[in-house]
Amino acid sequence: MSIMGFTETEPGYWLLAGVLGLLVAWLVKHLITGPKNLPPGPTGLPLLGVAWQIYKGGSDPLALFAAWSKKYGEMVSFFVGPKPIIILNSYPVIFEAFRHPDLQDRLGSRLLQEIIGLKNSGIAFSNGDVWKEQRKFTHSVFRSLGVGKKSYEDTVSAEMTQLSSVIKEKKGSPFDPSTLFMQAVSNIICSIVFGTQYTYDDEAFKEILHLVNSNVQLSGGGGTFLFLPIPGISKIPFGKMKLMTNNIRSVNAFIQSQIESHEKNRDPDNQRDFIDQYLNKLDETKDTVSSFTKLNLTGCIADLFLAGSDTTTTTLKWCILFMMANPQVQSRVQDELDHVVGRERIPRLDDIKDLPYTNAVILEVQRKGAVAPLGVPHVAAADTTIRGYTIPKGAVIVSNIFEVLNSEELWKDSGAFKPERFLTADGELIKRDELIFFSTGRRVCIGEQLARMETFLGFTSLLQRFTFKKPDNSPTLSFEGVLGISRNPVPYMTCAVVRE
Ligand code: HEM
């Protein structure tokens, strides 16, 4: 018998026979023992699943997922290799699934495990009791420091004042705001975690931000490269993986040096920051199987930086981009600020209730910017039924936040930038549950209050002092999103003109 022209005496015959045998075995196993009753979705090549379609979707998986949502509905399933992936495309289904106790696990990062030993560690990538304990503890530290509350306002305002002073030095000439926004936002995380706020010319601070930022870029859409389950991934001696490995080593060395200096200079009666409080917790913990360990401290610090810096920085970048593109909206925000706050003092959280238009603008920027368009993937800890479909144990569950924020059903004329959609006829602010920028359910963003506060105080203090303009002769403004760990605007330049 010959296969595709090869006879039994040729090596190609046995190679092809082997490949075909594997395909048949996979198909049989998949049909007989594979998960049943999955939500509908595209069928892909055996073994590869729809990996090739996603690859072809290239820089715009969001468009591909939108097309699938239209075709298959609010729950879509497909395979990447042997792994089932479930995409949730509507607010009600995300709301239901993300409250289910069996749909709260995460994918681990092989890369972080190999380099730092982080496995089921920290908050964002841990499961079960470790996750519950670390998340609860982080919440309690945030509460005690007043993070996201009025008592933390001065720290955030001081940072935004430093940001404005540096921007003022640009004297209206064009600049890319990315690095400055990142410095301001990361400095707030530094104050929570290390008890320090750096000046923007501090070399160590600049170097760490460069390393974190570089990994945010290198990680690719949704942080894919962080999660590749390839054994020995950290040993790859070239390309992206080598760069990421080196960056992670350097960031880890910085984190360890901070922990060590806190250990040397501690005063248990004066707990300055997250690290001090964690070290105290380690002292108190007698339980040998407790999740409070130095490794988990490292995991929490890494998570707060990764999750807390890039997202809020990106939100501020979208804010300025939309203001440059909509000067009439910008000047209406400035009028409202002049009327309510004036120019003599900086905006405060107490002003929020009196600034409905400004708040509507922030909501619309967040809706259109969709900085976390696919959230952070969850994993099913057990077979679970949602809306009559089975989500099998081990399936990866992706919340398509982007689809919810762009749904024509929820937001009439959803493609347009219209802050008025969040105002009543009387000018009161309308709050909508479907605005799930920070996700929903048990793993909802732990930094939500802080991020809202940073965005409000950052945006208002900038617009109080400056008018942002597109530099003459600069490229046409683009509203395309560039998908990295978060969804960024295409890099742009702006001129910050001091207001008369
Ligand atoms: C505009 C800014 C932000 C956005 C849009 C955002 C969005 C999100 C989203 C969508 C998730 C996934 C929730 C889920 O899995 O269901 C998340 C998780 C998380 N965020 Fe944020 N976030 C922002 C700012 C922050 C800040 C400032 C911090 C830190 C202070 C932070 C810390 C975290 C952590 C630690 C998690 C993991 C929570 C867990 O797994 O239990 N985020 N965020």
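Just so it is clear, the model here is predicted, and its values are computed rather than measured. (Residues numbered from 1 in each chain as written. Predicted model: local features only at pLDDT ≥ 70, side-chain atom pairs only at ≥ 80, totals over all residues. Heavy atoms only, no water.)

**Q** Before we move on, could you go through the overall build of the protein and cite the residues and values that matter?
**A** Within the protein one finds 16 helices and 10 strands. Over its C-alpha atoms the protein spans a radius of gyration of 25 Å, differing by no more than 12% from the 23 Å that the globule rule assigns to 500 residues. Across its three principal axes, the protein shows a C-alpha extent of roughly 90 × 55 × 45 Å. Buried positions account for 51% of the 500 residues belonging to the protein. Relative to all contacts within the protein whose residues are 6 or more apart in sequence, the contacts with residues 24 or more apart total 72%. (Helix = DSSP H or I, 4+ residues; strand = E, 2+ residues; numbered from the N terminus. Rg over C-alpha atoms; globule rule 2.2 N^0.38 Å. Buried < 20%, exposed > 50% of the residue type's maximum accessible area, 1.4 Å probe, protein only. Contact = heavy atoms within 4.5 Å.)

**Q** Any chance you could break down the nonpolar core for me, citing the residues and the numbers?
**A** Counting residues in hydrophobic clusters, the biggest one holds 122 residues, and the most contacted among them are Leu88, Leu163, Ile167, Phe194, Ile301, Val361 and Ile391. When residues in this core are grouped by element, the largest group, 13 residues, is from helix α12 (residues 294-325). With residues up to four places along the chain from it excluded, the contact list for Ile301 reads Val193, Phe194, Ile255, Ile259 and Ile275. One finds Ile115, Ile116, Leu118 and Ile233 within the second-largest nonpolar core, a separate group that totals 13 residues. (Core = buried A, V, L, I, M, F, W, Y, C linked by side-chain atoms within 4.5 Å.)

**Q** Any details on helix α13 (residues 327-340)? Residues and values, ideally.
**A** The terminal C-alpha atoms of α13, which comprises 14 residues, lie 20 Å apart, in line with the 20 Å expected from a rise of 1.5 Å per residue. Considering only its buried residues, α13 is in contact with α12, α14 (356-369), α16 (448-465) and β7 (466-469). Looking one or two residues beyond α13, the residue adopting positive phi is Gly342, at roughly 80°. (Expected span 1.5 Å × (residues − 1).)

**Q** Got a sec to walk through the site of the ligand? Specific residues and values, please.
**A** What surrounds the ligand is a group of 27 residues, the closest being Arg106, Arg135, Ser439, Arg443 and Cys445. Within the side chain of His378, one N or O atom sits 2.9 Å away from an oxygen atom of the ligand. Interatomic distance of 2.8 Å between a side-chain N/O atom of Arg443 and an oxygen atom of the ligand. Secondary structure elements with two or more residues in the shell around the ligand: α6 (128-145), α12 and α16. Of the residues that constitute the shell around the ligand, the class distribution is 16 nonpolar, 8 polar and 3 charged. (Near = heavy atom within 4 Å. Polar contact = N/O pair within 3.5 Å; in protein donor to acceptor, adjacent residues only side chain to side chain. Nonpolar A, V, L, I, M, F, W, Y, C, P; charged D, E, K, R; others polar.)

**Q** Before we move on, can you summarise the packing of α13 against α14 with the specific residues and values?
**A** A pair of packed helices is characterised by two quantities: the angle between their axes and the separation of those axes. Where α13 meets α14, the axes come as close as 8 Å, and the angle between the chain directions of the two elements is 140°. Here α13 lies oblique to α14, going by the angle between them. Considering the relative orientation of α13 and α14, their crossing is left-handed. Across the interface between the two elements, Val329, Arg332, Val333 and Glu336 from α13 touch Pro356, Tyr357, Thr358 and Val361 from α14. (Axes fitted to C-alpha atoms, helices over the stretch in contact; angles between N-to-C directions. Parallel < 35°, antiparallel > 145°, perpendicular 65-115°, else oblique. Left-handed = near helix turned anticlockwise from the far one by under 90°.)

**Q** Can you explain the sheet that holds strand β6 (residues 396-399)? Please cite residues and give values.
**A** Spatially, the 4 strands line up as an open sheet ordered β1-β2-β6-β3, and their pairing is mixed. Bordering the open sheet on either side are β1 (75-80) and β3 (378-379), each of which pairs with just one other strand. Judged from the 6 bridges that link them, β1 and strand β2 (residues 83-88) form a sheet pairing that is antiparallel. Looking at the pairing, Met75 lines up with Leu88 of β2. Contacting β1 and β2, helix α3 (residues 61-72) runs over the sheet at an angle of about 125° to β1. (Pairing = 2+ DSSP bridges.)

**Q** If you had to explain the UniProt feature "binding site: heme" (unreviewed entry) in the protein to someone new, which residues and values would you point to?
**A** The positions UniProt marks with the feature "binding site: heme" (unreviewed entry) are Cys445. Residue position: Cys445 is located in the loop between α15 (401-405) and α16. Taking relative accessible area as the criterion, Cys445 reaches 33% and is therefore assigned partly exposed. (UniProt positions renumbered as here; feature names shortened; annotations may be inferred.)

**Q** Break down α6 for me, citing the residues and quoting the values.
**A** The end-to-end C-alpha distance of α6 is 26 Å, a good match for the 26 Å that 18 residues give at a rise of 1.5 Å each. Inspection of α6 places Val130, Trp131, Gln134, Arg135, Phe137, Thr138, Val141, Phe142 and Leu145 among the buried residues, and these make up the whole buried set. Buried residues of α6 fall within an arc of 165° about the axis and therefore sit on the same side. Those residues of α6 that are exposed and aimed more than 90 degrees away from the buried face are Asp129, Lys136 and Arg143. Looking at the packing, one finds that the buried side of α6 touches α8 (178-193), α11 (274-284) and α12. Of the residues one or two after α6, Gly146 is the one with positive phi, at around 80°. (Arc of directions from axis to C-beta.)

**Q** Kindly report on the pairing of β2, identifying the contributing residues and their values.
**A** Both faces of the sheet carry side chains from a regular strand, because those side chains alternate between them. Burial analysis of β2 places 5 of its 6 residues in the buried class, the great majority of the element. Counting the residues in the hairpin turn of β1 and β2 gives 2 residues, including Gly81, whose phi is positive at 60°. Judged from the 4 bridges that link them, β2 and β6 form a sheet pairing that is parallel. Pairing of Ile85 across the sheet is with Val396, part of β6.

**Q** Describe the pattern of salt bridges, with residues and values.
**A** Evaluated as defined, the whole model comprises 20 salt bridges. For Arg387, the salt bridge goes to Glu74, with nearest N and O atoms at 3.2 Å. Of this pair, Arg387 sits in the loop between β4 (384-386) and β5 (389-391) while Glu74 sits in the loop between α3 and β1, placing them 313 residues apart in sequence. In this structure Arg387 comes out as partly exposed when scored by relative accessible area, which is 40%. A salt bridge links Asp338 to Arg499, with the nearest nitrogen and oxygen atoms 2.8 Å apart. Of this pair, Asp338 sits in helix α13 while Arg499 sits in the segment after β10 (495-498), and the two are 161 residues apart along the sequence. (Salt bridge = Lys/Arg side-chain N within 4 Å of Asp/Glu carboxyl O.)

**Q** An account of the packing of aromatic side chains is needed here, citing residue identities and associated values.
**A** Using the criterion set out here, one finds 19 aromatic pairs in the structure. Pairing Tyr91 with Phe95 gives two aromatic rings, centres 5.8 Å apart and planes at 55°, and the pair type is tilted. Of this pair, Tyr91 and Phe95 both sit in helix α4 (residues 91-97), 4 residues apart, which is roughly one turn of that helix. Since its relative accessible area comes to 16%, Tyr91 is described here as buried. On the basis of relative accessible area, Phe95 is assigned to the partly exposed category, the value being 33%. An aromatic cluster is defined as three or more aromatic residues linked by ring pairs; in this entry it consists of Phe137, Phe274, Tyr278 and Phe292. (Phe/Tyr/Trp six-rings, centres within 6.5 Å; stacked < 30°, edge-to-face > 60°.)

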